[in-house]
Amino acid sequence: MKRPDRSHIVTAILVVSDVAAFCAIWFATYYFRDYLAAAGIVQRPINPVRNYVLALQVYLPLWLLCEWYHGNFSHREKLTGLNQLSRILKTFSAGLVGSLAFAYLFKQWDIGRFVLLTSSFLYFLWLYFSRSVLKAWKQSQVMRGVGVIDVIVIGVGRTARHVKDRIINHPEGGYRLIGFVDPNPRRLSRPIDGFPVLGSTRELVRILRQHPVQQVFLAVPRMPQSEMMNLIVRCEDQGVQFKIVTNLFEVITSQVRIDVIDEVPVIHLRNAELPMVQAVLKRALDIVVASGLLILFAPLMVGIAIAIRLDSRGPALFKQVRVGRHGKLFEMYKFRTMHVDADPYAPAPTDPEDPRITRTGRWLRRYSLDEFPQLINVLKGEMSMVGPR
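Summary of the structure given here. (Residues numbered from 1 in each chain as written. Predicted model: local features only at pLDDT ≥ 70, side-chain atom pairs only at ≥ 80, totals over all residues. Heavy atoms only, no water.)

Scanning the protein chain from terminus to terminus reveals 11 helices and 9 strands. The proportion of buried residues among the 389 residues of the protein chain is 41%. Here the analysis covers contacts within the protein chain between residues at least 6 apart in sequence; of these, 69% occur between residues at least 24 apart. Only carbon and sulfur atoms are counted for the fraction: they give 61% of the accessible area of the protein chain, which is about 22,200 Å². (Helix = DSSP H or I, 4+ residues; strand = E, 2+ residues; numbered from the N terminus. Buried < 20%, exposed > 50% of the residue type's maximum accessible area, 1.4 Å probe, protein only. Contact = heavy atoms within 4.5 Å. Areas by Shrake-Rupley, 256 points an atom, 1.4 Å probe, with all protein chains shown as cover.)

Below, the structure is given as structure tokens:
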């Protein structure tokens with residue numbers, strides 16, 4: 001079964017809706033500027049609409065290209081609200097700079113700055129709104145079991161349990177764990193946190209026939225290569241995808257480089273420290289972006305805080321200790337979405353009807369609005385808009 005978030009239909013709908021939204025915003029901004037001139041609010045009249053029709057043929061592909069380049073059509077899974085906002089901000093920055101550059105190159109059109117700046121800002125709001133709705137829709141589809149991929153994990157050790165935790169704590173990923181397979185045929189394994197051990201790897205074909213799944217995760221880091229290849233062949237014969245979970249899954253991908261030594265691939269772990277110039281620029285970007293977003297969304301955040309206080313007792317902000325750079329502990333801020341008596345370090349709710357979640361919290365989680373206070377962490381230097389913390 002094809003997952004809804006990877007559907008070409010969803011991508012086509014996104015592209016069509018973005019094209020329609022951009023055109024509507026472009027001409028609505030033009031006619032609003034024309035109205036201001038007609039009402040005498042601004043003195044200089046705007047150029048004929050024909051200029052803006054011609055310019056649209058350049059600006060629209062530019063913005064769509066920026067969206068594609070920064071992954072706004074890729075439907076990435078497990079995307080936090082802050083990362084989603086960061087991706088949209090990159091699109092907004094690139095589109096705005098490109099629009100201003102085109103305005104300079106095509107001076108004969110004389111596109112007004114008001115139209116350029118206002119339409120860019122409104123399109124930024126559209127991108128955030130549309131992607132938030134898409135994320136909420138994907139989560140609702142997964143919760144209803146639509147497009148969910150059934151998986152089996154080979155392994156019963158630490159790596160396998162970590163995979164289990166990720167699947168449970170991130171239901172938006174669209175995976176449903178059926179059970180485990182023990183690589184040791186002599187060991188009598190008990191259920192792991194309520195998930196059964198279906199048998200050993202010797203019985204893999206029988207297990208796959210009894211439990212039709214779409215994917216198998218191998219979470220045994222030290223399995224011999226010959227045995228691993230045997231499992232891959234068995235899965236391919238049953239039409240099941242085979243994925244290997246390395247024990248390096250904790251490593252941030254941006255710190256990994258693939259080198260080649262005589263046609264042999266070698267993984268090189270790079271130093272996580274940025275050069276001083278890059279670190280300063282990155283920090284400056286974080287401060288500027290976080291400050292701007294806090295000012296922009298301040299009314300919304302105040303409204304959310306009031307709604308939380310009216311909905312249930314307790315503070316509006318939720319604080320949780322996290323580990324930052326160099327092992328330094330810091331308090332991460334989020335809007336509180338659960339009742340105050342809920343264990344802050346218990347497994348995250350996977351069901352939107354979980355009794356721990358407040359009424360306001362369900363709405364905040366659906367649209368990832370609970371993560372807005374993390375901009376304070378970004379401003380304090382404890383988190384970053386882009387890249388590692």
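In space, the 5 strands of this open sheet follow the order β3-β2-β1-β4-β5, with parallel pairing throughout. The strands lining the two open edges of the sheet, one partner per strand, are β3 (197-200) and β5 (241-244). Going across the sheet, the axis of each strand differs from the next one's by a mean of 30 degrees, ignoring polarity. Along the sheet, helix α5 (residues 158-169) contacts β1 (149-154), β2 (175-182) and β4 (215-218); its crossing angle with β2, the most-contacted strand, is approximately 165 degrees. The strands that helix α7 (residues 225-237) touches are β1, β4 and β5; relative to β5, the one it contacts most, it runs at about 150 degrees. (Pairing = 2+ DSSP bridges. Axes fitted to C-alpha atoms, helices over the stretch in contact; angles between N-to-C directions.)

Together, F121, L122, L125 and L296 make up an exposed nonpolar region whose accessible area comes to about 280 Å². For the nonpolar patch, the element with the most residues is helix α4 (residues 113-143), which contributes 3 residues. Relative to the helices and strands, L296 resides in helix α8 (residues 276-296). For L296, a relative accessible area of 34% puts it in the partly exposed group. (Patch = residues over 30% accessible without salt bridge, like charges linked within 9 Å, V, L, I, M, F, W, Y side chains within 5 Å. Salt bridge = Lys/Arg side-chain N within 4 Å of Asp/Glu carboxyl O.)

Another aspect to go through is unusual backbone geometry. One non-glycine residue, D110, adopts positive backbone phi at about 55 degrees. Structurally, D110 is set in the loop between α3 (81-105) and α4. Assessed through its relative accessible area of 35%, D110 is described here as partly exposed. One non-glycine residue, D193, lies in the positive phi region at around 50 degrees. Relative to the helices and strands, D193 is located in the loop between β2 and β3. Its relative accessible area of 55% is what places D193 among the exposed residues.

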